[in-house]
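# Architecture and fold: a report
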Amino acid sequence: MSETSDQDQRLRVVVAEDESLIRLDLVEMLDAGGYDVVAAVSDGEAAVAAIAEHRPDLALLDVKMPRKDGISAAEEIGADGLTPVVLLTAFSDRHLVERASDAGVMAYVVKPFTWNDLGPALTVATRRWREMRALRDELAAINAKLETRKQLDRAKGILTTKLGLDEPAAFRWIQKTAMDRRLSMQQVCDGVIAEFGDA
């Protein structure tokens, strides 16, 4: 029955549901499904606080809650990139679904539901979240490489102008200086730019 078979450990979940009986049922259902409920709260503000405190692998939020509704909580959680959110609701109108999508919600489950509805939604949400994180990390790495390349080109331009080196010699100088001083090429380029300014 476990939806966490691809994990070495149980995924940690925060549950936010204002109806206590449904909240208790959810906790039992999640526990039986192989999840570890680290907090079960009754409103959106408490959900945001619990997620910030526990840093769970997943958040399961009801849409209609006091103090802060589930979609507003999901917006806040998503803006901070804390965890994937699955919304639970008795309502399935288009406006709510669009609002949930805009908030970055990973899945949307309509009440009443069974584990057969909820389990797959949780699995899809966590996998989509991981894929998005991996893409975000890959994009950050590409941007960092691009920035390093720009700095390298600037530093080579400075060295060709100020020291009269050709481009290959400027590159070798940067490379050798990095090795000799045990610095990264980025650090050497930053030093050249700081010392001489732009070419």
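Residues numbered from 1 in each chain as written. Predicted model: local features only at pLDDT ≥ 70, side-chain atom pairs only at ≥ 80, totals over all residues. Heavy atoms only, no water.

Broken down by element type, the protein carries seven helices and five strands. Helices and strands in the protein line up, N terminus first, as β-α-β-α-β-α-β-α-β-α-α-α. For the C-alpha atoms alone, the extent of the protein along its principal axes is close to 75 × 35 × 25 Å. The proportion of buried residues among the 199 residues of the protein is 39%. When contacts within the protein are restricted to residue pairs at least 6 apart in sequence, long-range pairs at least 24 apart make up 61% of them. (Helix = DSSP H or I, 4+ residues; strand = E, 2+ residues; numbered from the N terminus. Buried < 20%, exposed > 50% of the residue type's maximum accessible area, 1.4 Å probe, protein only. Contact = heavy atoms within 4.5 Å.)

Let us look at the nonpolar core. Among the nonpolar cores identified, the biggest contains 23 residues, and L61, I71, I77, V85, L87 and V105 are the most heavily contacted of them. At the level of secondary structure, the elements contributing two or more residues to this core comprise β1 (11-16), β2 (35-41), α2 (44-54), β3 (58-62), α3 (70-79), β4 (85-89) and α4 (94-102). Ignoring anything within four residues of it in the chain, the contact list for I77 reads V48, I51, L61, L82, T83 and V85. The next biggest cluster of nonpolar side chains, apart from the first, holds 21 residues, and it includes V15, L58, L118 and A125. (Core = buried A, V, L, I, M, F, W, Y, C linked by side-chain atoms within 4.5 Å.)

The subject of this paragraph is the UniProt feature "domain: Response regulatory" (unreviewed entry) in the protein. Per the UniProt record, "domain: Response regulatory" (unreviewed entry) is annotated on residues 12-126. Structurally, residues 12-126 is divided into 48% helix and 23% strand, and its ends, taken at the C-alpha atoms, are 11 Å apart. (UniProt positions renumbered as here; feature names shortened; annotations may be inferred.)

Following K111, the chain continues to P112 via a peptide bond in cis, the omega torsion being -10°. Tracing the chain through its elements places P112 in the loop between β5 (107-110) and α5 (115-162). We note that R67 has phi near 70°; this positive angle belongs to a residue other than glycine. Within the fold, R67 resides in the loop between β3 and α3.

Our next topic: the domain arrangement of the protein. Examined at the domain level, the protein breaks down into domain 1 (11-113) and domain 2 (139-197). Spacing between the C-alpha centres of domain 1 and domain 2 amounts to 48 Å. (Domains from an automatic or database assignment.)

In this model, helix α6 (residues 167-181) (15 residues) spans 21 Å end to end at C-alpha, consistent with the 21 Å of a helix rising 1.5 Å per residue. Buried within α6 we find A169, A170, I174, T177 and A178. The inward-facing, buried residues of α6 abut α5 and α7 (185-196). Backbone nitrogen of A169 and a side-chain oxygen of the N-cap are separated by 2.9 Å at the start of α6; the cap is D166. Residue R182 follows α6 closely and has a positive phi angle near 55°. (Expected span 1.5 Å × (residues − 1). Polar contact = N/O pair within 3.5 Å; in protein donor to acceptor, adjacent residues only side chain to side chain.)

So, on to the packing of α6 against α7. Axes are the key here: two packed helices are described by the angle between their axes and the distance separating the axes. Put simply, α6 and α7 touch, their axes get as near as 8 Å, and they point 115° apart. Seen along the crossing, α6 lies across α7 with a hand that is right-handed. Residues F171, W173, I174, Q175, T177 and A178 of α6 touch α7, and the partners they reach there are M185, V188, C189 and V192. Looking at the contact of α6 with α7, its residues break down into eight nonpolar, two polar and no charged. (Axes fitted to C-alpha atoms, helices over the stretch in contact; angles between N-to-C directions. Left-handed = near helix turned anticlockwise from the far one by under 90°. Nonpolar A, V, L, I, M, F, W, Y, C, P; charged D, E, K, R; others polar.)

Here we come to the side chain of E17. Along the chain, E17 turns up in the loop between β1 and α1 (20-32). The residues touching E17, leaving out its near neighbours within four places in the chain, are I22, R23, L26, V41, S42, D62, M65 and K111.

What follows is about the environment of A100. Tracing the backbone through its elements, the reader meets A100 in helix α4. For A100, a relative accessible area of 2% translates into the label buried. Between the C-alpha atoms of A100 and L87, which are 13 residues apart in sequence, the distance is 7.8 Å. What A100 contacts, discounting residues up to four positions off in sequence, is I71, L87, V105 and Y108.

Note on placement: D62 falls in strand β3. Residue classification places D62 among the buried residues on the basis of a relative accessible area of 4%. In terms of polar contacts, D62 uses its side chain to reach the side chain of K111, at 3.1 Å. When residues no more than four places from it in sequence are discounted, the contact partners of D62 are A16, E17, D18, G70, L87, L88, T89 and K111.

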